Amino acid sequence: MQLTIPKGKKVYFSSDNHLGAPTAEASRPKEQKFLRWLNDIKEDCGVLFLLGDLFDFWVEYKRVVPKGFVRILGKLAEFTDAGIPVFFFVGNHDLWMNGYFEEELNIPVYHKPQEFTINDKKFFIGHGDGLGPGDKGFKRMKKMFTNPVCQWLFRFIHPDIGVWLGHTLSTKNKLISGDEDVVFLGEENEWLVQYCRKKLSQEHRDHFVFGHRHLPMQIPIEDSLYTNLGDWCGHFTYATFDGIEMELKKFEEDLKKG
């Protein structure tokens, strides 16, 4: 997809907000902070990319979605109503999306990494889960979670039970929660760096942008740049692209667009 960012506007990237974790009450300050960030960036936001795990758990039944998050969903609708494109990539915590964002918020939802050309720079963008070597336990679990038969069977569970079960697994299961996935492995051992190198051997990209790792980092790879967005659980980091430079930033509320 080709995107052109007007002069004075920026592309914003955010990932791994995990709204609702560990409980709705405990998550509320984090949700409020993210809402303040959305308010802060709206003025100069040309495009917003949300790279998954916005929610700590999300599943869509035919006529039911999880309660809560009304202010965030309303703010995202405000963006799209104002003509600001928003793109959503599912993560490993909210991969059970099936039309709600598209129908209610006019937000395209992607289940796999996608290519974007932004002001003549080639971007490869995704959540990042299950990519590269290793992570075999999670990859097996993801195959089960994305299996159409398993998803069909899950929808026979009453939503009250299904959402409770999903949230409990999301919080307690380390393969899903990523509690063991927050230690820097070194540039050569980072799975996503290895994945980027493989993709570069096939075709050039200027930027690779992922979440999932919960570690804010930027690593040059040949003549490309890999950016991991960090999270909103403790780092409160995000990235911007102004048409030329890709910058990783921390949201400091005493500094305008810090």
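Everything discussed here concerns the structure shown above.
**Student:** Help me get a handle on helix H2 (residues 70-81), residues and values and all.
**Tutor:** An α-helical segment advances 3.6 residues per turn. Residues three or four places apart therefore align on the same side. The end-to-end C-alpha separation of H2 is 16 Å, in line with the 16 Å expected for 12 residues at 1.5 Å each. Among the residues of H2, those classed as buried are Ile72, Leu73, Lys75, Leu76, Ala77, Phe79 and Thr80. Where the residues of H2 are buried, they touch helix H1 (24-41), strand S3 (45-50), strand S4 (86-89) and helix H3 (100-105). Trailing H2 by a residue or two, Gly83 shows a phi angle of about 85°, which is positive.

**Student:** Outline the side chain of Asp94, listing residues and values.
**Tutor:** Examined against the element boundaries, Asp94 turns out to sit in the loop between S4 and H3. Once you skip the residues sitting within four places of it in the chain, Asp94 turns out to touch Gly52, Asp53, Leu54, Phe55, Trp58 and Phe88.

**Student:** Tell me about the pairing of S3, and please be specific about residues and values.
**Tutor:** Along any regular strand the residues' side chains alternate between the sheet's two faces. Most of S3 sits inside the fold, with 6 of its 6 residues counted as buried. Taken together, strand S2 (residues 10-14), H1 and S3 form a β-α-β motif whose crossover is right-handed. Following the backbone out of S3, through H2 and into the adjacent parallel S4, one traces a crossover that is right-handed.

**Student:** Account for the packing of H1 against H2, naming residues and giving values.
**Tutor:** Relative to each other, H1 and H2 sit at 15°, their axes nearing to 10 Å. The orientation of H1 with respect to H2, classified from their angle, is roughly parallel. Here H1 and H2 pass one another in a crossing that is left-handed. Of the residues in H2, those touching H1 at Glu31, Phe34, Leu35, Leu38, Asn39 and Ile41 are Arg71, Ile72, Lys75, Leu76 and Phe79. Residue composition of the contact of H1 with H2, grouped by class: 7 nonpolar, 1 polar and 3 charged.

Cut-off values and rules
Residues numbered from 1 in each chain as written. Predicted model: local features only at pLDDT ≥ 70, side-chain atom pairs only at ≥ 80, totals over all residues. Heavy atoms only, no water. Helix = DSSP H or I, 4+ residues; strand = E, 2+ residues; numbered from the N terminus. Expected span 1.5 Å × (residues − 1). Buried < 20%, exposed > 50% of the residue type's maximum accessible area, 1.4 Å probe, protein only. Contact = heavy atoms within 4.5 Å. Right-handed = clockwise from strand over helix to strand, strands pointing away. Axes fitted to C-alpha atoms, helices over the stretch in contact; angles between N-to-C directions. Parallel < 35°, antiparallel > 145°, perpendicular 65-115°, else oblique. Left-handed = near helix turned anticlockwise from the far one by under 90°. Nonpolar A, V, L, I, M, F, W, Y, C, P; charged D, E, K, R; others polar.

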